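Geometric and topological summary
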Amino acid sequence: MKSDTFVYRSRMPASAMEVFAWHMRQGAFSRFAPSWDRMRLIADGHPIREGSHAEIDVSIGPLWLRWTAEHHDFEPGRRFRDVQIRGPFARWEHTHTIEPEGTDESWLEDRIEYVLPYGPIGRWLGRGWAKRKLRSTFQYRHRTLADDLSAHHRARAASGTGTSGMRIVVSGSSGLIGSSLVPFLTTGGNSVTRLVRRDRSGGPAVRWDPVLGTIDREGLEDYDALVHLAGENISSGRWNARTKKLIRDSRLEGTRLLCETINRLQKPPKTLVCASAIGFYGDRGDEVLDERFAAGEGFLADLCKDWETLTESVRPRGIRVVNVRFGVVLSPAGGALAKMLTPFKLGAGGVVGSGRQYLSWIAIDDAVGAIHHAITSESLNGPVNVVSPNPVTNRDFTKTLGRVLRRPTVLPMPAFAARLAFGEMADELLLASTRVVPHRLEETAYKFRHPDLEPALRHLLGR
């Protein structure tokens, strides 16, 4: 059967040895998996060596198929090859080649020899689709890898000592942000320990239960940084007294337990990065808000204010505290964007309320990058707005997402309908206007990967 060949090649801002090492580290597959694809990593084959296997489940429509690849032909710093043992293709061989370009750059080439299933009919029906799919996938992979390498290089250059080899604890590691942060850190050469209630990852973990108030204190000794992201999803359902208490307690009680534990450690972390949200500012209309503005009014504003106040208790230990105030984090893997995709793809998307309310957003990789920046930038302290420098109105967001998906956006949701459907949550999450800018990130020279909405959505959705 005649095979097809796909080749994608681009320059990388790192040496051949560094690019090769990145591929060999835990988390490489997670960083490479396009955010719009439905995949489940079963086994990543680590430590990668001759003959080791990687297994993933891939979604093809409603079906899940197991894809197993075997690693071969290792030349450290130069190349390796993945061969499909079983999976969706009749044949698949993927050769990764890295060529040095001076001392600090290299060329990465991905060459794939493949045969589509079902013989000549499969090739005739699927050849064009396969080429388009491979091109969008490898554009995403190369862009992500180059941006990751650049971020780690900038951090090393700024610190003078480098960030590789840092020991970092992460709570909320299975959430939307945490599940992207952990592989970003590990592929950069850092050691990550998850703070978990139930250990299902198989990696380094420390147990805690914020509801019961228990934690393995000794397991938290002598880390460089602790990143606290754990908390109940605020948009999982209509708010009532019970859900609001759950949202509040999940943040305050967990943060209180962590801070009390940190204060009892002999060797506490040098830095605490704790999640917060731009809900801190409340509904402020067209007012342009940076970190110097006071808290607003409402359930989320009160919660964020109390949440941040709790972290102040560790400062007397000489710990640098950064409160990262997240805007709306965009990822097709979860959160607001994931919930929008189905109605928008069906042509049922539209503005909410007047459409004039501001939405301060951040792409998932910039949310991760801002946390990394907070860990490694000694000059950052206190609140940091984690938002794009270009907030948009709900109307502009709606029109942009419709344009990217090539769908009409003519079915609005009036304010009264939003309140009927979502109650108080509608006023605080859907109808509130919070026009926030990332003053502290820009002041400390954070480089945004996706500062503008339409290119960000096209990258995230493979469009």
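Notes on the structure in this doc start here. Not measured: the values here are computed from a predicted model.

Rules behind the numbers
Residues numbered from 1 in each chain as written. Predicted model: local features only at pLDDT ≥ 70, side-chain atom pairs only at ≥ 80, totals over all residues. Heavy atoms only, no water. Phe/Tyr/Trp six-rings, centres within 6.5 Å; stacked < 30°, edge-to-face > 60°. Lys NZ or Arg CZ within 6 Å of the ring centre and 35° of its normal. Helix = DSSP H or I, 4+ residues; strand = E, 2+ residues; numbered from the N terminus. Contact = heavy atoms within 4.5 Å. Axes fitted to C-alpha atoms, helices over the stretch in contact; angles between N-to-C directions. Parallel < 35°, antiparallel > 145°, perpendicular 65-115°, else oblique. Left-handed = near helix turned anticlockwise from the far one by under 90°. Nonpolar A, V, L, I, M, F, W, Y, C, P; charged D, E, K, R; others polar. Pairing = 2+ DSSP bridges. Patch = residues over 30% accessible without salt bridge, like charges linked within 9 Å, V, L, I, M, F, W, Y side chains within 5 Å. Areas by Shrake-Rupley, 256 points an atom, 1.4 Å probe, with all protein chains shown as cover. Salt bridge = Lys/Arg side-chain N within 4 Å of Asp/Glu carboxyl O. Buried < 20%, exposed > 50% of the residue type's maximum accessible area, 1.4 Å probe, protein only. Lys, Arg positive; Asp, Glu negative; His and termini not counted. Charge placed at Lys NZ, Arg CZ, Asp CG, Glu CD. Core = buried A, V, L, I, M, F, W, Y, C linked by side-chain atoms within 4.5 Å.

**Focus: the packing of aromatic side chains**
In the structure shown here, the tally under the stated rule is 12 aromatic pairs. Measuring from centroid to centroid gives 5.3 Å for Phe280 and Tyr281, while their planes differ by 80 degrees, and the two rings are edge-to-face. Taken together, the ring pairs in this structure connect Trp67, Phe89, Trp92 and Tyr114 into an aromatic cluster. For Arg325, the ring lying beneath its charged end belongs to Phe280, and the centroid distance is 3.6 Å.

**A closer look at the environment of Gly172**
For Gly172, the position within the fold is in the loop between β8 (167–171) and α4 (178–187). As a C-alpha pair, Gly172 and Arg194 span 22 residues in sequence and 8.0 Å in three-dimensional space. Sequence-distant contacts of Gly172, defined by excluding residues within four places in its chain, comprise Gly178, Leu195, Leu229 and Ala230.

**Re the packing of helix α9 (residues 394–405) against helix α13 (residues 453–461)**
Running from amino to carboxyl end, α9 crosses α13 at an angle of 40 degrees, the nearest separation of the two axes being 10 Å. Considering their axes alone, α9 and α13 lie oblique with respect to each other. Once α9 is placed against α13, the crossing between them reads as right-handed. In this structure, α9 uses Phe397, Thr400, Leu401, Arg403, Val404 and Leu405 to contact α13, whose residues at the interface are Leu453, Glu454, Leu457, Arg458 and Leu461. Considered class by class, the residues forming the contact of α9 with α13 number 7 nonpolar, 1 polar and 3 charged.

**Side note on the sheet that holds strand β6 (residues 91–101)**
With antiparallel pairing, the 7 strands of this open sheet are ordered in space as β1-β7-β6-β5-β4-β3-β2. Since the sheet does not close on itself, it has two edges, and those belong to β1 (4–12) and β2 (39–43), each with one partner. Between one strand axis and the next, the sheet turns through 20 degrees on average, direction left out of account. Along the sheet, helix α1 (residues 16–24) contacts β1, β4 (63–75), β5 (79–86), β6 and β7 (105–115); its crossing angle with β6, the most-contacted strand, is approximately 145 degrees.

**Thoughts on a nonpolar patch on the surface**
A cluster of nonpolar side chains, namely Ile121, Trp124 and Leu125, defines an oily patch on the protein surface of about 440 Å² accessible area. Mapping Ile121 onto the fold places it in helix α3 (residues 119–159). Classification of Ile121 by relative accessible area gives exposed; the value is 58%.

**With respect to unusual backbone geometry**
The backbone of Asp222 sits at a positive phi, close to 65 degrees, despite the residue not being glycine. Relative to the helices and strands, Asp222 is located in the loop between β11 (214–215) and β12 (225–228). Its relative accessible area of 40% is what places Asp222 among the partly exposed residues. Residues other than glycine seldom take positive phi values, yet Ala445 does so here, at roughly 65 degrees.

**Comments concerning the sheet that holds strand β9 (residues 191–196)**
In any sheet, the strands associate via hydrogen bonds between backbone groups, in a parallel or an antiparallel arrangement. The sheet built from 8 strands is open, its strands ordered β11-β10-β9-β8-β12-β13-β15-β19 with mixed pairing. Strands with a single pairing partner mark the edges of an open sheet, and in this sheet they are β11 and β19 (382–386). As defined by bridge partners, strand β10 (residues 205–209) adjoins β11 across 2 bridges and the pair is classed as antiparallel. Within the sheet, the bridge partner assigned to Trp208 lies in β11 and is Ile215.

**Here's the deal with a positive patch on the surface**
A contiguous patch of positive charge on the surface is contributed by Lys345, Arg406, Arg407 and Arg463. Structurally, Arg406 can be placed in the loop between α9 and α10 (415–422).

**Brief notes about the nonpolar core**
Judged by nonpolar contacts, the single largest core of 67 residues is most densely connected at Val170, Val227, Leu229, Phe326 and Ile371. In terms of residues, this core owes the most to one element, helix α8 (residues 364–376), which gives 7 residues. Leaving out residues up to four positions away in the same chain, Val227 has contacts with Ile168, Val169, Val170, Ser171, Leu181, Val273, Ile371 and Ile375. Of all hydrophobic cores here, the second largest spans 18 residues; its members include Leu195, Val206, Leu220 and Ile319.

**Some details on the pairing of strand β15 (residues 320–326)**
Within β15, 7 of the 7 residues are buried, which leaves it mostly tucked inside the rest of the structure. Covered by surrounding structure in β15 are Arg320, Val322, Val324 and Phe326 together with Val321, Asn323 and Arg325, the residues of both alternating faces. Across 7 bridges, strand β13 (residues 271–277) lies against β15 in parallel orientation. Its bridge partner being in β15, Cys274 is matched across the sheet by Asn323. Two strands pair when backbone bridges link them, and β15 and β19 are joined in this way by 5 bridges, in the parallel orientation. In the sheet register, Val324 faces β19, and the bridge partner there is Val384.

**Brief notes about the pairing of β6**
By the bridge criterion, 5 bridges tie β5 to β6 in an arrangement that is antiparallel. When the sheet's bridge partners are listed, Phe80 is paired in β6 with His96. Hairpin connection of β5 to β6: 4 residues between the antiparallel strands. Bridge count for β6 against β7 is 11 bridges, and the pairing is antiparallel. Paired with Glu99 across the strands is Trp107, a residue of β7. Hairpin connection, β6 to β7: the antiparallel pair is bridged by 3 residues, and Gly102 has positive phi, about 75 degrees.

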